[in-house]
Amino acid sequence: MNDPRDFIAHEAALLDARRFDDWLALFADDGHYWVPLLGAAQADPFSHNSLAYEDRLLLQLRVERLKNPRAHSQHPASHSQHVLQPSRIEEEGADDVRLRTPFLYIEARGDDQLLLSGTARHHLIRTPTGWSIREKRIDLLNAARALPAIQLFI
């Protein structure tokens, strides 16, 4: 998969198929998943709280929890649907690329559904085997509002 825009669509498809181990494998060893509390207005994950700022170890722990049959928050299991607008390349270097992808995210569990919208910003690095995620940043629209627990990965 050479086109990074195809990589973004593939990543969302893995999440929607609940293939969390395959999704986690897309992250670089130093990769991060970040959901700023202030959305696009937040400059970094250190000067203000975030809804999530997770390295590979924390992501692995969340994936293991989601797969654990004793995880009470997953009875019934949560499912997601990512509806992506076309990704736009914002910066491109020899070995990395930054993309911006507006999205709608639906998370369903039992009779409940959560709808979120925002922009995903990916910083991808080129590796010998293809693209890897150095950072996935989710800028939610109206991020500072009260949100219910988000069980899966946006």
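Residues numbered from 1 in each chain as written. Predicted model: local features only at pLDDT ≥ 70, side-chain atom pairs only at ≥ 80, totals over all residues. Heavy atoms only, no water.

Student: Would you take a moment to explain the overall build of the chain for this structure?
Tutor: When helices and strands are tallied, the chain shows 3 helices and 7 strands. In the chain, the succession of helices and strands from N to C terminus is α-α-β-β-α-β-β-β-β-β. Its C-alpha atoms give the chain a radius of gyration of 15 Å, within 12% of the compact-globule value 15 Å for 154 residues. Structurally, the chain occupies a C-alpha span of about 45 × 30 × 30 Å along its principal axes. With 154 residues in all, the chain has 40% of them scored as buried. (Helix = DSSP H or I, 4+ residues; strand = E, 2+ residues; numbered from the N terminus. Rg over C-alpha atoms; globule rule 2.2 N^0.38 Å. Buried < 20%, exposed > 50% of the residue type's maximum accessible area, 1.4 Å probe, protein only.)

Student: Please clarify how the packing of aromatic side chains should be interpreted in this entry.
Tutor: Going through the model one piece at a time under the given rule, you end up with 7 aromatic pairs. Here tyrosine 33 and phenylalanine 153 contribute two aromatic rings whose centre-to-centre distance is 5.7 Å and whose plane-to-plane angle is 90°, an arrangement assigned as edge-to-face. Highlighted residues: tyrosine 33 in strand β1 (residues 27–36) and phenylalanine 153 in the segment after β7 (130–140), separated in sequence by 120 residues. Judged by relative accessible area, which is 2%, tyrosine 33 ranks as buried. Judged by relative accessible area, phenylalanine 153 falls into the buried class, the value being 0%. One aromatic cluster in this structure is built from Phe20, Trp23, Phe27, Tyr33 and Phe153. (Phe/Tyr/Trp six-rings, centres within 6.5 Å; stacked < 30°, edge-to-face > 60°.)

Student: Is there a simple way to explain the side chain of threonine 119 in this structure?
Tutor: Along the chain, threonine 119 falls in strand β6 (residues 112–127). Sequence-distant contacts of threonine 119, defined by excluding residues within four places in its chain, comprise Arg100, Thr101, Pro102, Phe103, Arg137, Ile138 and Asp139. (Contact = heavy atoms within 4.5 Å.)

Student: Looking at this model, I keep getting lost on a nonpolar patch on the surface. Mind explaining?
Tutor: The grouping of Leu57, Leu58 and Leu61 at the surface amounts to a nonpolar patch, some 300 Å² of accessible area in total. Following the sequence through the fold, leucine 61 ends up in helix α3 (residues 56–67). (Patch = residues over 30% accessible without salt bridge, like charges linked within 9 Å, V, L, I, M, F, W, Y side chains within 5 Å. Areas by Shrake-Rupley, 256 points an atom, 1.4 Å probe, with all protein chains shown as cover. Salt bridge = Lys/Arg side-chain N within 4 Å of Asp/Glu carboxyl O.)

Student: In this structure, what is going on with the pairing of strand β4 (residues 88–92)? I would like to understand it.
Tutor: Residues in a regular strand point their side chains to alternate faces of the sheet. Relative to strand β5 (residues 96–109), β4 runs antiparallel, the two being bridged by 4 bridges. Within β5, the position partnered with isoleucine 89 by the bridge is leucine 99. Where β4 folds back on β5, the antiparallel hairpin that results is connected by 3 residues. (Pairing = 2+ DSSP bridges.)

Take it as geometry only, folks, not as evidence of what the structure does.
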